[in-house]
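Here is how the chains run, residue by residue.
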Amino acid sequence: MSTPKTHRETPLTLLSESRLYLLLKEISPTLNSVRLIKKLLTLNFTSTTIILPLTATMTWGQLIDSLKEKGFIHEPK
């Protein structure tokens, strides 16, 4: 069963750690884990770890665009 889509304008602060993991794992096979502790989002990929401070204005679309630009995700066609 696929995970329901999340609107691009959804603030990351409204998404739980488990929801972020499910959404990202679907489009990023190299994702190992997601941690959300005290407004710090940690994305652990096979090759690297990314730590992002979350702000109230950061959106799901911004995260996806950044990860796509860096080559960490591949959206299905």
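Residues numbered from 1 in each chain as written. Predicted model: local features only at pLDDT ≥ 70, side-chain atom pairs only at ≥ 80, totals over all residues. Heavy atoms only, no water.

A. The arrangement of the pattern of salt bridges in detail. What the rule picks out here adds up to two salt bridges. For the salt bridge of Asp65 with Arg8, the shortest nitrogen-to-oxygen distance reads 2.6 Å. Within this pair, whereas Asp65 is found in helix 2 (residues 60–70), its partner Arg8 is found in the segment before helix 1 (17–27), the two being separated by 57 residues in sequence. Since its relative accessible area comes to 35%, Asp65 is described here as partly exposed. By relative accessible area, which is 39% here, Arg8 ends up partly exposed. The salt bridge involving Glu17 is made with Arg35; its shortest N-O contact spans 2.9 Å. Here the residue Glu17 occupies a position in helix 1, and Arg35 occupies one in strand 1 (residues 31–37), the gap between them amounting to 18 residues. In this structure Glu17 comes out as partly exposed when scored by relative accessible area, which is 25%. (Salt bridge = Lys/Arg side-chain N within 4 Å of Asp/Glu carboxyl O. Helix = DSSP H or I, 4+ residues; strand = E, 2+ residues; numbered from the N terminus. Buried < 20%, exposed > 50% of the residue type's maximum accessible area, 1.4 Å probe, protein only.)

B. Representation of helix 1 in the model. Those residues of helix 1 that fall on the buried side of the exposure criterion are Leu20, Leu23, Leu24 and Ile27. Take helix 1 and look down its axis: the buried residues cluster within an arc of 90 degrees, on one side only. (Arc of directions from axis to C-beta.)

Just distances and angles here, no functional claims.
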